[in-house]
Amino acid sequence: MRKESKDKEKRVGIALAGNPNVGKSTLFNALTGMNQHTGNWAGKTVECARGVFKKDGKSYEITDIPGTFSIYPRSREEEVAAEYICYGDCKSAVIIIDSARPERSLRLALEIIDVMPQALLCFNLLDEAEKMGVKCNVRGIGEALSLDVVSVVAKRKKTLAPLKEKIAVLTDSEAKETKRITYPRPIEDSIERISSLLSEKSGITERRKLRYTALSLLHASVLCERARVLFKSALDDGGFKKELDSIRQELFTIYRNQDGVSEAISTSLVKECDRICEKHVTKNSTRPTLSFFDKLLTGRLFAYPCMMLLLLLVLYLTISLANYPSMWLEALFAYIGEGFKTLLLKANAPPLLFGALYDGIYTVLTRVISVMLPPMAIFFPLFTLLEDTGFLPRFAYNLDRPLCCAGACGKQALSMCMCLGCTASGIIGCRIIDSPRERKIAIVTSSLMPCNGKFPTMIILAATFFTFGSGSLVRLSSAIFLCGIILLSVAATLLCSKILSKTVYKGSPSFFTIEMPPPRKPDLVKVLVRSLIDRTLSVLLRAVAVAAPAGLLLWALTVIKVGDVSLLSYITELLDPVGLILGLDGVILTAFLLGFPANEIVLPIAVIGYCQSGIAEAMSAPFGEILLGAGWTVPTAICCAVFSLFHFPCSTSVLTAYKETKSLKTTALCVLLPTAVGTVLCAVLSLIFSIAGI
Amino acid sequence: MEKKIKRLSQLEIGGCARVTKINSTSEIKRRFLDLGIGCGCEIFCVGKSPLGDPRAYVVRGGMLAIRRLDADKIEIESEE
């Protein structure tokens, strides 16, 4: 009976470890059927994800951890990985080896099996290795390390079956004595001494935790939160600290200083790695050169034009492809709307309820969805394709110089790209920036880039005021306008980064390096479909969560009277003088203020403000016409575009910024900087326009 | 084989060299090691970015971008 229940138990604690960008997440998705997003650049996964696969009636839970080069962490992401493997409920590890670059993967593997002997080596990217002429004697390496091995090609499902089998074997077998690295004698002795001291003072006996903590202390690397809690009684103990110090001093006499000790430890690892690779890995000896892809994308002549063209293409496709779904959605919602109205009338709904439900919530919500959803649903999959192919690291490479001159680093280019999708996700993406100073600069300037929520506003402004011709020419000129907007944002970001790096976030450029993995062919259909569904769903949810209450609030503002004008009119008139200074007017300003929850609703609010005949009428008319009817001119549109670009970030972004930095100061800057830029710029532009008599 | 001691930043495009020493803080040394750049390893310079800096290098099969500021810290002996 006991065996039966053991069989039904879920096997947990299986970590999926490996260097960044070796296909861990692809493998994770393939095994578990989950939808962790993968992207062809290092730093994509920033959190652990858990998923389950079943085999022979048993279930196995695997944890996908962020890629790391070493379990002695240097950055927050690496800390996450180390924390799980060394202190989490991890019982075994599946280590993904990049067959094309085995030395680096094996180094991590050695570090891991030193503390966690229950491991399986999984050789991935064999197709790439073949292309590069690198051959790994998989079996030989397994024997050398006394570990089980398996080869996969993550994209081909057939190769997954043996992997699942080996994982099953791994978790069901007893812990083996695997080959471990033997560090030089003095270091091994020190590890033993520190381990026994730690165990004595804290009562913890698990070898993995003791050995890892001892090595961390010898490396003098910062212990993660978990470790500090677990070993508190040891770390705080005076006697322990004294012993640790004397052990360190002894080592310093042999290795000169802390650097020497760390180097001695790392060198043993690397030597062992090299030894194994020399024996079991063959490479062809042709000199590496830049591929055509890279020559084009990073060459002196073509790099910047290529990036601009790519941007233009993505924007043009977004605008063109979004047209039809928008029209269909509008027609659909109009049809449903009629039915809804009839239903309300039949139910004898009092006029106030009718107004609240139909005018307030329904019309605003559906208008936002039909106008805002299609562009977002198209932009994101396109961007995902760029990510998955491998363009983004090249962008960071190309843009590092200007960003470095601006006091930031190349990786900010990546977070800026992500901000084009959604500012909040761009802020989370800033985690890939190692230096805290540069990360803060990236976060504070993130909302200077236009997010997808601002695109529809820009597109409507472009289509109404800044285009020429008809048909595809209109769309092209809209795309060019958007491109120009983005260039303006980039310029503003560079300028503000420079200012921040000279004032609030002073410091020198940090160590920067970015890996440029070979371009990989993305699974087109899968990416498009999954991204489309993901994005559509999340936008819909956001629309409901934000636009519906906003619509209700707006309706209330139009219905509640102050004297004989609606509350909305009262507010807009109040803000008129301020608006005029900025080249706008009270309505637009109110729209921006009320649009704090989400940028998508700014233009709808403005239109409601202008339209005296009620919300429902406002939502069914073309926005461009209403704006023209309200007396908008090209200068107004310019100021509106500029202010839309540079104003306080949406509520989600502010919350995310706070969650990421836990600093009120940074969050405040995040809000104030773009607002200041927008206010000043609009005021100046408005002044220029009035002087020029436009 | 002529042996010249120089820095990585001086390695011309298409050139091949072996790392002999890394002159930097231990933190940066470890970062280099993470990427596979350690004493004795082979490194190739394959290109430079449009504005000249950083440059692209291939080491242990992986292509990386390294800034001139950091490449200055790596001493190499060129194998030409």
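In what follows, the structure referred to is the one given above.
Conventions and cut-offs
- Residues numbered from 1 in each chain as written.
- Chains lettered and ligands numbered in written order.
- Predicted model: local features only at pLDDT ≥ 70, side-chain atom pairs only at ≥ 80, totals over all residues.
- Heavy atoms only, no water.
- Helix = DSSP H or I, 4+ residues; strand = E, 2+ residues; numbered from the N terminus.
- Rg over C-alpha atoms; globule rule 2.2 N^0.38 Å.
- Buried < 20%, exposed > 50% of the residue type's maximum accessible area, 1.4 Å probe, protein only.
- Contact = heavy atoms within 4.5 Å.
- Areas by Shrake-Rupley, 256 points an atom, 1.4 Å probe, with all protein chains shown as cover.
- Lys, Arg positive; Asp, Glu negative; His and termini not counted.
- Charge placed at Lys NZ, Arg CZ, Asp CG, Glu CD.
- Polar contact = N/O pair within 3.5 Å; in protein donor to acceptor, adjacent residues only side chain to side chain.
- 1 Å grid on protein atoms, 1.4 Å probe; cavity = no way out; pocket = protein on both sides within 12 Å on 5 of 7 lines; lining within 4 Å.
- Points joined across faces, edges and corners; volume = space filled by probe spheres on them.
- Nonpolar A, V, L, I, M, F, W, Y, C, P; charged D, E, K, R; others polar.
- Pairing = 2+ DSSP bridges.
- Axes fitted to C-alpha atoms, helices over the stretch in contact; angles between N-to-C directions.

As a further point, take the overall build of chain A. Scanning chain A from terminus to terminus reveals 31 helices and 11 strands. At 29 Å, chain A has a C-alpha radius of gyration in line with the 26 Å of a compact globule built from 694 residues. Along the first, second and third principal axes, the C-alpha set of chain A runs to 90 × 60 × 55 Å. Out of the 694 residues in chain A, the part that is buried amounts to 58%. Excluding contacts between residues fewer than 6 apart, the proportion of contacts in chain A whose partners are at least 24 apart in sequence is 75%. Surface accessibility of chain A: about 29,800 Å² in total, with carbon and sulfur atoms responsible for 63%. Treating the 76 positive side-chain charges of chain A as one cloud and the 61 negative ones as another, the clouds have centres 3 Å apart.

This part takes up the side chain of A:S105. All names here are of chain A. By the element assignment, S105 lies in helix α4 (residues 102-115). In this structure the side chain of S105 is engaged in a polar contact, spanning 3.0 Å, whose partner is the backbone nitrogen of D98. Setting aside residues up to four positions removed in sequence, S105 forms contacts with N19, I96, I97 and D98.

In this section: empty space enclosed by the protein. On inspection of all chains with the given rule, the structure shows seven cavities of 30 Å³ or more. Computed from the structure, the largest cavity encloses a volume of approximately 90 Å³. Together, A:E103, A:R104, A:R107, A:V270, A:C273, A:D274, B:L33, B:D34, B:G36 and B:R60 line the largest cavity. Broken down by class, the residue content of the lining of the largest cavity amounts to three nonpolar, one polar and six charged. Space inside the second largest cavity adds up to approximately 60 Å³. Residue lining of the second largest cavity: A:S70, A:Y72, A:R74, A:R107, A:E111, A:H219, A:S266, A:L269 and B:R30, and that is the complete set. Those elements that place two or more of their residues in the lining of the second largest cavity are α4 and α13 (258-280) of chain A. Here the residues of the lining of the second largest cavity sort into two nonpolar, three polar and four charged.

On to the sheet that holds strand β3 (residues 58-64) of chain A. Residue and element names in this part refer to chain A. Ordered by their spatial adjacency, six strands build an open sheet running β2-β3-β1-β4-β5-β7, and the pairing between neighbours is mixed. Both edges of this open sheet fall to β2 (49-55) and β7 (148-151), since each of them pairs with a single strand only. Adjacent strand axes in the sheet meet at a mean angle of 25°, parallel and antiparallel pairs treated alike. Alignment of strand β5 (residues 119-124) against β7, held across four bridges, turns out to be parallel. Across the sheet, F123 pairs through a bridge with S151, a residue of β7.

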